[in-house]
Amino acid sequence: MLILMKQDATPEQIQSVCQRVRDIGFVPHEIPGAIRTAIGVTGNQGPVSAEHFQDLLGVSECVPVSKPYKLVSREVKPESTVVDVRGVRIGDGTLSIVAGPCSVESREQVMRTAEAVAASGAKFFRGGAFKPRTSPYLFQGLKEEGLRLLEEVKRSFDLRIITEAKDTETLPLVAECADVVQIGARNMQNFSLLEAAGRQRKPVLLKRGMSATIQELFMAAEYVLSLGNYNVILCERGIRTYETMTRNTFDLSAVVMMKRHSHLPVMADPSHGVGINWAVGPLARASVAVGADGVMIETHPNPAMALSDGQQSLTLEQYAELAKELREMAAWQAGRRG
Ligand code: PEP
Ligand code: MN
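Asks: Quick rundown of the environment of Ser96? Include the residues and the values.
Replies: Examined against the element boundaries, Ser96 turns out to sit in strand β7 (residues 96-100). Sequence separation between Ser96 and Met329 is 233 residues; the distance between their C-alpha atoms is 12 Å. Every residue in contact with Ser96, bar those within four places of it in the chain, is listed here: Arg89, Ile90, Phe124, Asp293, Gly294 and Val295.

Asks: Please give an account of the sheet that holds strand β13 (residues 266-268) that cites residues and values.
Replies: Taken in spatial order, the eight strands line up as β7-β8-β9-β10-β11-β12-β13-β14 and close into a barrel, and their pairing is parallel. Averaged over all pairs of adjacent strands, the angle between their axes in this sheet comes to 25 degrees, without regard to strand direction. Relative to strand β11 (residues 204-207), strand β10 (residues 180-183) runs parallel, the two being bridged by three bridges. From the neighbouring strand, Gln182 faces β11, where its bridge partner is Leu205.

Asks: Could you give an account of the site of ligand 1, with specific residues and numbers?
Replies: If you check the shell around ligand 1, you find Cys102, Arg126, Lys131, Glu164, Gln182, Gly184, Ala185, Arg186, Lys207, Arg237, His272 and Glu298 and nothing else. Between an oxygen atom of ligand 1 and a side-chain N or O atom of Lys131, the distance comes to 3.0 Å. His272 is positioned such that a nitrogen or oxygen atom in its side chain is 3.2 Å from an oxygen atom of ligand 1. In isolation ligand 1 has 300 Å² of accessible area, and contact with the protein removes 97% of it. More than half of the atoms belonging to ligand 1 lie within 2 Å of the grid points that define the second largest pocket. When the residues that make up the shell around ligand 1 are grouped by side-chain class, the tally is two nonpolar, three polar and seven charged.

Asks: Could you give an account of empty space enclosed by the protein, with specific residues and numbers?
Replies: Per the stated rule, a full pass over the model turns up one cavity of 30 Å³ or more. The wall of the largest cavity is formed by Ile31, Pro32, Gly33, Arg36, Ala38, Val76, Lys77, Pro78 and Glu79. Residue composition of the lining of the largest cavity, by class: five nonpolar, one polar and three charged.

Asks: Account for the layout of surface pockets, naming residues and giving values.
Replies: Size it by volume and the largest pocket reaches roughly 330 Å³. Elements represented by at least two residues in the lining of the largest pocket include exactly β6 (88-90), β7 and α10 (316-337). Considering each element in turn, the lining of the largest pocket owes the most residues, six residues, to α10. Residue composition of the lining of the largest pocket, by class: ten nonpolar, six polar and five charged. Estimates place the volume of the second largest pocket at around 250 Å³. In terms of lining, the second largest pocket is formed by 18 residues, of which the most central are Pro132, Arg186, Arg247, His272 and Asp309. Of the residues contributing to the lining of the second largest pocket, the split by class is four nonpolar, five polar and nine charged.

Asks: Account for the side chain of Gln312, naming residues and giving values.
Replies: Within the secondary structure, Gln312 sits in the loop between β14 (294-298) and α10. Given the relative accessible area of 0%, Gln312 is considered buried. Within the structure, Gln312 has its side chain in polar contact with the side chain of Arg247 (distance 2.8 Å). Polar side-chain contacts of Gln312 include one of 2.7 Å to the side chain of Glu298. Non-local contacts of Gln312, meaning those with residues more than four positions away in its chain, are made with Arg247, Ser271, His272, Gly275, Ile276, Asn277, Val280 and Glu298.

Asks: Could you give an account of the domain arrangement of the chain, with specific residues and numbers?
Replies: Taken as a whole, the chain is organised into domain 1 (2-63) and domain 2 (83-337). Centre-to-centre separation of domain 1 and domain 2, based on C-alpha positions: 35 Å.

Asks: Give a detailed account of the coordination of the manganese ion (ligand 2), specifying residues and quantitative values.
Replies: Ideal coordination angles are 109.5 degrees for a metal with four donors arranged tetrahedrally and 90 or 180 degrees for a metal with six donors arranged octahedrally. Bound to the manganese ion (ligand 2) are the protein donor atoms Cys102 (SG), His272 (NE2), Glu298 (OE) and Asp309 (OD), situated 2.0 to 2.3 Å from the metal. One chain supplies every donor for the manganese ion (ligand 2), spaced along it as C-x169-H-x25-E-x10-D. Here Glu298, found in strand β14, pairs with Asp309, found in the loop between β14 and α10; they are eleven residues apart in sequence, far enough to count as distant. For the pair Glu298 and Asp309, one class covers both residues: buried.

Asks: Run through unusual backbone geometry, naming residues and quoting values.
Replies: Phi is positive for Lys143, close to 55 degrees, though the residue is something other than glycine. Assignment of secondary structure puts Lys143 in the loop between β8 (124-126) and α3 (144-156). Here the phi dihedral of Asp309 falls at roughly 55 degrees; this positive angle occurs in a residue that is not glycine.

Asks: Can you explain the pairing of β7? Please cite residues and give values.
Replies: With respect to burial, β7 is a largely interior element, five of its five residues being buried. Neither face of β7 is left uncovered, since the one carrying Ser96, Val98 and Gly100 and the one carrying Ile97 and Ala99 both have all their residues buried. Bridge count for β7 against β14 is five bridges, and the pairing is parallel. Bridging across to β14, Val98 finds its partner in Met296. In terms of strand pairing, β7 meets β8 through two bridges, oriented parallel.

Asks: Please provide a residue-by-residue account of the side chain of His29, values included.
Replies: One can find His29 in strand β2 (residues 27-32). His29 gets classed as buried once you look at its relative accessible area, which sits at 2%. Side-chain polar atoms of His29 contact the side chain of Thr42, separated by 2.8 Å. Each residue touching His29, except ones within four places of it in the same chain, is listed here: Ala38, Ile39, Gly40, Thr42, Leu71, Leu225, Ser226 and Tyr230.

What counts as what
Residues numbered from 1 in each chain as written. Chains lettered and ligands numbered in written order. Predicted model: local features only at pLDDT ≥ 70, side-chain atom pairs only at ≥ 80, totals over all residues. Heavy atoms only, no water. Helix = DSSP H or I, 4+ residues; strand = E, 2+ residues; numbered from the N terminus. Contact = heavy atoms within 4.5 Å. Pairing = 2+ DSSP bridges. Axes fitted to C-alpha atoms, helices over the stretch in contact; angles between N-to-C directions. Near = heavy atom within 4 Å. Polar contact = N/O pair within 3.5 Å; in protein donor to acceptor, adjacent residues only side chain to side chain. Areas by Shrake-Rupley, 256 points an atom, 1.4 Å probe, with all protein chains shown as cover. 1 Å grid on protein atoms, 1.4 Å probe; cavity = no way out; pocket = protein on both sides within 12 Å on 5 of 7 lines; lining within 4 Å. Sits in = over half its atoms within 2 Å of the grid points. Nonpolar A, V, L, I, M, F, W, Y, C, P; charged D, E, K, R; others polar. Points joined across faces, edges and corners; volume = space filled by probe spheres on them. Buried < 20%, exposed > 50% of the residue type's maximum accessible area, 1.4 Å probe, protein only. Domains from an automatic or database assignment. Donors = N, O, S within 2.8 Å, 3.2 Å for Na, K, Ca; no water.

Quick look at the structure:
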């Protein structure tokens, strides 16, 4: 259920509707809009009767929400969400570039990479400290030491840190360092982790599970929003299909669908999407062309020696060239939109 307030509803009237929602045992979510405020109601198992709210002052209309996800849908919030990350906005119509290595490996590796990422004009640095690896014998990340190195990147450059939280135990530690907490494909339906991410206040980058439908991704995001963290960025990173020539099948139609059906910013990750160095550039450009709010690129000073995902990592030089192209494309697109 969505309660639409009148345009001239006062803050007191909005608060008394929220209180009524709480009184009947549900959770209110205030959604300020350009024209009017809406209040989303969650916590109900079945339909909520409009009778509870219809007569309250300032209420214009009560609209049932037909979809299994509510707070993430454009039906509930027509205006696009802009996520503010320490003064840098994701989803405001400009292109956000996120770049860095798959894993934090050493001080020299992260500092060299961060220097190149900052020089490219990007504002976001990625790098995993806690790595969810398919085999227990593969590099698991530098863990706490990795977070300390990311802190150093944060102090030394004008870069915001995006790093993955692998489980609920280490989430508080990761969230202390991260400007944006990443929840990876393997954890997209780790509901305890989603709930914990919803209870803390750092923005969340939620990657699509490797066999998740778009609706399932929306419902995973709904867990985070329903607990009061509205700063979620969705990320397409490829899905598993019968195709074997690429690491995953990079689903750009998902970017378009997500933008249409959700107000949340959408990022595209062609590095994991295709998994092959030379194919990352064309698919990054395609991501910008279809309207992704951001692009995530893995880059490494020496991809051949990378401890994870070297085959898809760009050299720092390849990355610099691509970032320039992507920014030119985004500027051209912005010019066309006027
Ligand atoms: C990553 O970003 O390095 C990563 C592990 O991504 P994904 O969860 O999409 O596989
Ligand atoms: Mn990776």
